[in-house]
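# Structural description and commentary
One-letter residues, chain by chain:
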Amino acid sequence: MSTAKARSAHAKAVLGTELHDQLSNTNVLLVGAGGIGCELLKNIVLTGFGKITLLDLDTIDISNLNRQFLFRKKDVKQSKAMVAAQTAAPFNPNVKISPIHGNIKEPQYDVQWFKQFDIVLNALDNLDARRHVNKMCMAAGVPLVESGTAGYLGQVQPLLHETTECFDCIPKPTPKTFPVCTIRSTPSQPIHCIVWGKTYLMGQLFGEDEDATGELDDAEKQGENAQEIETLRKEAQAFKTVRDAIRNKKASDAAKLAFQKVFNADIRNLLSMSDMWKSRSPPIPLDYDAILNDTFNPQTNRPPVASTSNLANGQAGNSGNASNLRDQRTLSLKDNFELFVSSTNRLAARLRHGEETISFDKDDEDTLDFVTATSNLRSYAYGIDSKTRWEVKEMAGNIIPAIATTNAIIAGIIVLQALHLLRKAYSKLRNIHIQLRPSVPLSAIRISPPNPHCGICRDTYATLLCDPSRAVLGDVLRCVLGDDERDVGVYEDKRLLSDPEFDENLDRTLESLNVTRGKFLTIVDEDGDLSTISLALADLPPNHPIDAPPYVLPSPIPKLQTRPKPIVVTPETPQKAGVKRPLPVEMEDGVLDLEPTPKKPKPNLNGTKRKRDDHASPSKRRKLEEDGVVEMDGPNEILDEEPIAIENGTLNGNGTDSDIIVIDD
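Rules and cut-offs
Residues numbered from 1 in each chain as written. Predicted model: local features only at pLDDT ≥ 70, side-chain atom pairs only at ≥ 80, totals over all residues. Heavy atoms only, no water. Disulfide = S-S within 2.5 Å. 1 Å grid on protein atoms, 1.4 Å probe; cavity = no way out; pocket = protein on both sides within 12 Å on 5 of 7 lines; lining within 4 Å. Points joined across faces, edges and corners; volume = space filled by probe spheres on them. Helix = DSSP H or I, 4+ residues; strand = E, 2+ residues; numbered from the N terminus. Nonpolar A, V, L, I, M, F, W, Y, C, P; charged D, E, K, R; others polar. Buried < 20%, exposed > 50% of the residue type's maximum accessible area, 1.4 Å probe, protein only. UniProt positions renumbered as here; feature names shortened; annotations may be inferred. Expected span 1.5 Å × (residues − 1). Contact = heavy atoms within 4.5 Å. Polar contact = N/O pair within 3.5 Å; in protein donor to acceptor, adjacent residues only side chain to side chain. Pairing = 2+ DSSP bridges. Axes fitted to C-alpha atoms, helices over the stretch in contact; angles between N-to-C directions.

## A look at the state of the cysteines
Scanning the model with the defined rule gives zero disulfides in all. Looking at the unpaired C454, the closest cysteine sulfur is the one in C166, lying at 3.6 Å.

## So, the layout of surface pockets
The volume enclosed by the second largest pocket comes to roughly 880 Å³. Taken together, the elements giving at least two residues each to the lining of the second largest pocket come down to α6 (127–140) and β12 (520–525). Take the lining of the second largest pocket: its biggest share by element is five residues, from α6. A class-by-class count of the residues in the lining of the second largest pocket yields eight nonpolar, six polar and 13 charged.

## Structural notes on the environment of E18
When you line up the elements, E18 lands in helix α2 (residues 17–23). Residue classification places E18 among the exposed positions, given a relative accessible area of 69%. Each C-alpha atom of the pair E18 and R423 lies 10.0 Å from the other, and the pair is 405 residues apart in sequence.

## What about the UniProt feature "active site" (unreviewed entry) in the protein?
Under the UniProt annotation, "active site" (unreviewed entry) lies at C181. With respect to the helices and strands, C181 occurs in helix α7 (residues 180–184). Its relative accessible area of 7% is what places C181 among the buried residues.

## What to know about helix α14 (residues 333–352)
Compared with the 28 Å implied by 1.5 Å per residue over 20 residues, the 29 Å span of α14 between its first and last C-alpha is a close match. Every buried residue of α14 is listed here: L333, N336, F337, L339, F340, V341, S343, T344, L347, A348 and L351. Looking at the buried residues of α14, the elements they touch are α8 (190–206), α11 (239–247), α12 (254–271), α13 (288–292) and α15 (365–382). Where α14 ends, the next residue or the one after it, G354, has phi of about 120 degrees, a positive value.

## Some thoughts on the side chain of E146
Its place among the elements puts E146 in strand β5 (residues 144–150). There is a polar contact of 3.1 Å between the side chain of E146 and the side chain of R130. Setting aside its immediate chain neighbours within four residues, E146 contacts N122, R130, Q155, V156, Q157, L159 and F167.

## Details of the sheet that holds β5
Across the sheet, which stays open at both edges, the eight strands sit in the order β3-β2-β1-β4-β5-β6-β7-β8 with mixed pairing between neighbours. Edge positions in the sheet fall to β3 (96–101) and β8 (442–446), since each has one partner strand and no second. Adjacent strand axes in the sheet meet at a mean angle of 15 degrees when their direction is disregarded. Pairing of strand β2 (residues 51–56) with β3 involves six bridges; the strand directions are parallel. Across the sheet, residue T53 finds its bridge partner in β3, namely S98. Seen against the sheet, helix α3 (residues 35–47) touches β1 (27–31), β2, β3, β4 (119–122) and β5 and runs at an angle of roughly 165 degrees to β1. The strands touched by helix α17 (residues 404–422) within the sheet are β4, β5, β6 (153–159), β7 (430–434) and β8, with β5 carrying the most contacts at an inclination of about 165 degrees.

Below is the structure:
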């Protein structure tokens, strides 16, 4: 047997010749080349999927190497998709792998692009991208297998338009958020300080030039402390001097300016609001020169509190950790101070050499050092336990613990569900969950039908080929709706473009409204009685005549279908059976109409024959009759037919009374 035949012999024996041959011509899209993606790519290559497109935006980090086995140390900083394809290709030379280093949400990956695939396999790690792929697959009518893991837990969900529920049929929990004043003024947990360093301070110093007034306005509307918010506004406006120093090549004290502004002046401003600290421990201002010269003593600023009992010796919490690893080592106050100065100078140098803005990235050493130092310094000031560099990376980067074994199990289940979809064996589809139950580690649940009120899979989808620079919104709308004069609203994602009371955009081109390739033009019935039409925008064909309209309408043109209304069941209060007789009714002639008193049933005391239920389960009487024995209700009962006696094992039609067994129940 040749090497090529031997390689596929086992898969062909398991799958059958017909399905195995079908896989060689199957065009599959695999989105994600991380923990699940590496295992899944290996599986589909060895199974024999013939044409594989692998797409991933990320690059390889050294922290990936413990579980993403397609990568090696020499591959760090390279594209995951490119390296994974190169590593997996030799597993099966008959398979063609096309790697793409890109973002699945880019406009060139539109509905038309998705339609070329027979199935899509998701191995993503963020909610936004999952929702995007789900909507694209619903619009393109392509089967999708969704998956995810979290430590020892995992799940696989096959999705098919019009057959199963989609990813958005069940609302997903929103990410946890914290009040602005908690983050900016009164942190009480390490995560508060990490979020502050990552989202607020990082943006103020190295991000776009914003004064954060919008966020503060929203917080004020939600009823947060007005005096505190006004102080925060002044703090945000004072960042301009520090920002200018960070970007000025001649400035040499940018790190000191930032430190004194954030950890000294801002804290002193908060301490001036005495009412804020009546029920909580006040923070202590940190002094740049005192820490630099090892003369800083927090005991002179405030009495010690329980969570800061180890701060006087320069330790910032978790002093029991004796690890010598860089990322897992406990940092002292002086360590965090030096890390802050170093990371601030490094980030400032990057801005001075041409970078416009810098945002946090867990794989960016400079930004991770900055967030680690700032969050720990803030924790020190507020008497909160600090975190190691690894813990900050895990929390700031929203890293979910990943276990290679869990990824491998999920990747295998994904392939099994994909095979059911390709065979159209929809009755065998299952939602699979890995659970923490040793007796039942895998839970298989039957798929649910689509949610009739889902805002994604219940839409009517169609593709609109157009030139957005020439196509006018009003023209497209009139061509799609035709003679239907029903009031509708037009949206792009959540942006309102037009409605019956706002028609200024109807004469504008789609491009001027930022409605371009890869986006959806959504037409919504204002009364909510009809379904929503979602037009997926794609490019015109190359041979489209120049003098023709700048769009090609879908054929057939989708119609607004009646939307099923939710059935509201009003529970009825059951009537309570009264124990009293109803009030008498007075007739026209003045006579009172009284209902007779109901008679109580009398107990059976005279030994009369009870009625039998012919449909009851087999009883003692029936069993005896099957054995040739007649059960009688009493000694005085007379048989209508002559009994059959049993004598010496033979049947005798002339039996006597002694041959009859009488059972009195």
